[in-house]
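# Working through the structure, step by step
Residue strings, one per chain:
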Amino acid sequence: MNYIDPQLVKSGLVSQRLLFFLTFATLSLLINATPARSEFADCSLIVKPDGASAGYGRCPVDKRCNASDVANDCIPEFGPKLKNGRFSPSIRQWGSSRIGSLNKPVAVAENPNARGQLFVLNSADDSISIFYCPGVKASYEPEHRRDLASCHFMHRPTDIAFGGSPTLGDVPEFKGQKVHNLSKTGTFATTGGSCNDYTASAFMGEYFTQRTCSDFMGPSLWANNLKTFAIQNNNFFPDNLKEKPYGSHIDMVHQEPFSMGITWEGREAGFWSWDAGPDSKYGSIVYTNITRTHGYGGHEHSYAYLYRYENTTMYKKTGRNLVPGHMARFDRYLFVANPAGGVINVLDTDSGTVAGDVKHRDEWREKYAAYSKISGARFTELSVAGLELKSPSGLVISDSKLFVSDSDTGKIHAIRLDTSGNHTYIGSIQTPASQIAGLEVDQKTQRIWFVDAVWHTLNVVEPLCQSRDDCESESPWGQECAPDTDENGKTVWQAHLDSSGNHENWQGCARYYYYVCPGGNSHQNSKLPVCHEQGGTWRDALVSWVDGKSTCRCMSSESSRIVASVWLPLGALSVLALHYPHR
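Reading the values: rules and limits
- Residue positions are given per chain, counted from 1 along the sequence in the order it is written.
- The predicted nature of this model means local features are confined to residues of pLDDT at least 70 and side-chain atom pairs, given and counted, to a pLDDT of 80 or more, with totals for whole chains, interfaces and linings taken over all residues.
- Note that water and hydrogens are dropped before the side-chain values are worked out from all heavy atoms of the structure.
- In this analysis a 1.4 Å probe is tested at points of a 1 Å grid over the protein atoms alone, and where it fits but cannot get out there is a cavity; an open set with protein on both sides within 12 Å along at least five of seven lines is a pocket; lining residues have an atom within 4 Å of a point.
- Grid points are joined across faces, edges and corners, and a volume is the space filled by probe spheres set on the points.
- Secondary structure elements follow DSSP: runs of H or I of four or more residues count as helices, runs of E of two or more count as strands, with numbering from the N terminus.
- Partly exposed residues are those whose accessible area sits between 20% and 50% of the maximum for their type, while under 20% is buried and over 50% is exposed, using a 1.4 Å probe and protein chains only.
- Think of a polar contact as two N or O atoms within 3.5 Å of one another; within protein, one of them needs to be a possible hydrogen donor and the other a possible acceptor, and neighboring residues in sequence only count if both atoms come from side chains.
- Every residue pair with non-hydrogen atoms within 4.5 Å of one another is taken to be in contact.
- When a carboxyl oxygen of Asp or Glu lies within 4 Å of a side-chain nitrogen of Lys or Arg, that pair is called a salt bridge.
- Two strands qualify as a pair provided that DSSP identifies no fewer than 2 bridges between them.
- Convention adopted: a line fitted to C-alpha atoms gives each axis, helices being fitted over their contacting stretch, and angles between N-to-C directions are expressed from 0 to 180 degrees.
- When two cysteine sulfur atoms are found within 2.5 Å, that pair is recorded as a disulfide.
- All residues other than Ala, Val, Leu, Ile, Met, Phe, Trp, Tyr, Cys, Pro, Asp, Glu, Lys and Arg, Gly among them, are scored as polar; the first ten of these are nonpolar and the last four charged.

With that out of the way, let us pick up empty space enclosed by the protein. A complete count under the given rule lists 2 cavities of 30 Å³ or more for this structure. In this model, the largest cavity occupies a volume close to 80 Å³. Along the walls of the largest cavity sit Ala189, Pro219, Ser220, Leu221, Val253, Glu256, Ile262, Ala269, Phe271, Ser273, Thr288 and Ile290, which together make up its complete lining. Looking at the lining of the largest cavity, the elements with two or more residues in it are β8 (220-223), β11 (270-275) and β12 (285-290).

Quick look at the structure:
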C-alpha cells in the first residue's frame, strides 16, 4: 500500500502504524512509489508519450476484473487480488490542509446533481470544502465555504447526506425573499456533533468563554444549490435576528444534540439520523421528514415529523477527535456504524409501530408536527463471518456491497449484502490513515474516496488494471463537475467573496459580532456603532482578541488604518451570548 502525504510529519503526532506506512511512502504530492507487483498495472504511474497525464491515470471499471478474478472475489472498488490473496490498490491524495483547506474532515459525499463534485465536511471549523473534478490534471481550485452562521447550523459537523425536496416546498418567512424550487435542486442535510455550546474559538483562540450547553441542536437542511450555499444572506450583517434572515440554511430540527450520522430515506426530505443527546435514552435513531422549509435563514420548524426508535440507544466515542458513526440504507435495512460499541447495528425499518409521543409536548424544544416513538422495531448487530471491527465509522453502499472504515485500524472492509440478511465478508484493504472517517464511491469511476481527520486529507483508492494498455487518463467527468460561474465568467463563490468584503473575519459565527462588533447600522440594543460613526459599514468591522478582551476596530475601506477602537470585557460577551438561544 502506498500513501502520499504532502505535509511534514509533526513531532509527537505520528502513530507507529502511520510511521510504518510513511517509511515506504514517497513525499511526492501526486505520484505513488512504484508498487512491488508485476502481474497488474498501477495506472496512476503511467506516463503517456506526450507527458500530459503524468500521475493522473486510472483504471476503467470494466478493466479491473476479468472472469477468473471475479470468481476470486475481485470487486471493482478494490480491484483484483494479488497472488498472496490480498487486495492491494494504490492510495492517492487529492486534498489537504493546503489543497482545499481541510480541517479535521469527517465525511465526504458526491453531489448527485453534478457527478465529480465532492463535498468534504470539516469538523474543526464548521465548513465544507468542495472539490471540482478531482483527479484531473487541469482541475478547478477547490472552494472552502463556511456559512456566516455555521457555529450553530453546522457546529462540529459529523456527517452529510444529499436528499430530495419537501412535499410542501419552500415558504420564505422574511419579506423580499423569493421561493426557491427545491424540487429542481434537491437538498442536503448535515448533522452537528455538539450540544449548541457554540464558541467563536476559530478566531478567539484561547480567549473565549464556552457557551453553556442548551441541547438546542440537531440536523440542518440546506438547498443543494452552490449559487446560494454560504452565499444567500451572507452578504449583509444580521443586525436584527428577529427581522432579518440568518445565513443560508433552509431548515433545522433541535431535538438531536450530539448527532453522529445521517442518511437519506430515498424520497422527499426524509432522513435517518442518530444522536447521543438527552433524548437518546428513549432511543438514538430518529427518522425525520421535513415537509416544508422556512426559506433561507428562517426559524419556523413546525413542519417537521420526528419518529424516535425505542431501544436503539448508542453512545458517542471521543478520543483525539470525535469519531462519527455514519449510516447507510439497503432495502429495508438501515446500517449504523457504532464506534463506541465496536459494531455495526442494523435496524429493520419495516418493523415497529407508532406508540405515542416520545415525551410530554411541554418538554419538546419546538412545536413539531409530530415527535413520536416507535416501539417493537427489530434492532440487531451485524454478524458476518470473518469481519473484525474495532471502531467502525464511515459507511457507503455500492452495487449491493457495504464498505466500512475502521477509525482504530485504518482499514476499509467490504461486505456483500443480501436482502435476506445473509451477508458475506469479501475482504479488506489497509490504508495508512491515522483516523479514517467518511467514505464515498463516486458513480462514474466507481472509486472509493475517504477522509483522514488527523492528517486533514481527502484520498482515493486506485484499483489496479489488468494491463497497462487498459489505463485511461482523460477526465471522466466532462463539464458536469465544473463550478457555477456568473455572467463575467467568474465563479459564483469568488464573486461572492469579492463583493462581501471581509465577512470571512466572522469565521462562521456572526452571532458574536452581533453582540460585540455590530459594524454599520447596529441593532437597537447596541452602544457600539463602530464603523457607522466613521462613515464606514459592517464590511470594515474587525474583531481581535487580546488578553481575554475583544477589540472592535473599524478599518478604513481605502487604507488599513485603524480609525476607532472599542473594548468590551469578555465576561460581558459571555452574558450576552446567553441571551438568545437561537434565531
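Further notes follow.
What follows deals with the side chain of histidine 413. Locating histidine 413 in the fold gives a position in strand β22 (residues 411-416). Among the residues examined, histidine 413 registers a relative accessible area of 4% and is labelled buried. Engagement of the side chain of histidine 413 in a polar contact is seen with the backbone oxygen of glutamate 388, the distance being 3.3 Å. Apart from residues lying up to four places away in sequence, histidine 413 is in contact with Phe78, Leu387, Glu388, Leu389, Leu402, Phe403, Val404, Asp406, Tyr425, Gly427 and Ser428.

Tallying each qualifying case throughout the model produces 20 salt bridges. With its nearest N and O atoms 3.4 Å apart, the salt bridge here joins lysine 317 to aspartate 408. With a gap of 91 residues between them, lysine 317 in the loop between β13 (304-309) and β14 (327-330) and aspartate 408 in the loop between β21 (401-406) and β22 connect regions that are remote in the sequence. You can call aspartate 408 partly exposed: its relative accessible area is 39%. Three or more residues are tied together by salt bridges with common partners; here these are Glu265, Arg267, Glu268 and Arg329.

So, on to the sheet that holds β21. Backbone-to-backbone hydrogen bonds pair the strands of a sheet. The strands run either parallel or antiparallel. Pairing within the open sheet is antiparallel, and its 4 strands lie in the order β20-β21-β22-β23. Of all strands in the sheet, those with a lone pairing partner are β20 (392-398) and β23 (424-430), marking the two edges. When strand polarity is set aside, the average angle formed by the axes of neighbouring strands in this sheet is 20 degrees. Where β21 and β22 come together, 5 bridges link them in antiparallel fashion. Looking at β22, one finds that leucine 402 is bridged to isoleucine 415.

What follows is about the sheet that holds strand β15 (residues 333-338). Ordered by their spatial adjacency, 4 strands build an open sheet running β14-β15-β16-β19, and the pairing between neighbours is antiparallel. The open sheet is flanked by β14 and β19 (379-381), the only strands paired with a single partner. Ignoring which end each strand starts from, the neighbouring axes of this sheet average 25 degrees apart. Strand direction decides the pairing type here: strand β16 (residues 343-348) and β19, joined by 3 bridges, are antiparallel. By the bridge assignment, leucine 347 is partnered in β19 with phenylalanine 379.

Turning to the state of the cysteines, a few remarks are in order. Inspection of every chain in the model, using the stated rule, returns 5 disulfides. Across the disulfide from cysteine 195 sits cysteine 213; the S-S distance is 1.8 Å. Of this pair, cysteine 195 sits in the loop between β7 (187-192) and α5 (201-204) while cysteine 213 sits in the loop between α5 and β8, and the two are 18 residues apart along the sequence. Its relative accessible area of 2% is what places cysteine 195 among the buried residues.

The next point concerns the layout of surface pockets. In this structure, the largest pocket encloses a volume near 820 Å³. Lining the largest pocket are 31 residues, and of these Phe162, Thr263, Val396, Ile397 and Glu440 lie nearest its centre. Contributing elements (two or more residues each) for the lining of the largest pocket: β2 (105-110), β6 (157-163), β10 (259-264), β14, β20 and β24 (436-441). With 5 residues, the single largest contributor to the lining of the largest pocket is β6. Of the residues that constitute the lining of the largest pocket, the class distribution is 16 nonpolar, 7 polar and 8 charged. Volume-wise, the second largest pocket comes out at about 430 Å³. Looking at the lining of the second largest pocket, the elements with two or more residues in it are β22 and β23. A per-element tally of the lining of the second largest pocket places β23 first, with 6 residues. Residues belonging to the lining of the second largest pocket are distributed by class as follows: 7 nonpolar, 8 polar and 6 charged.

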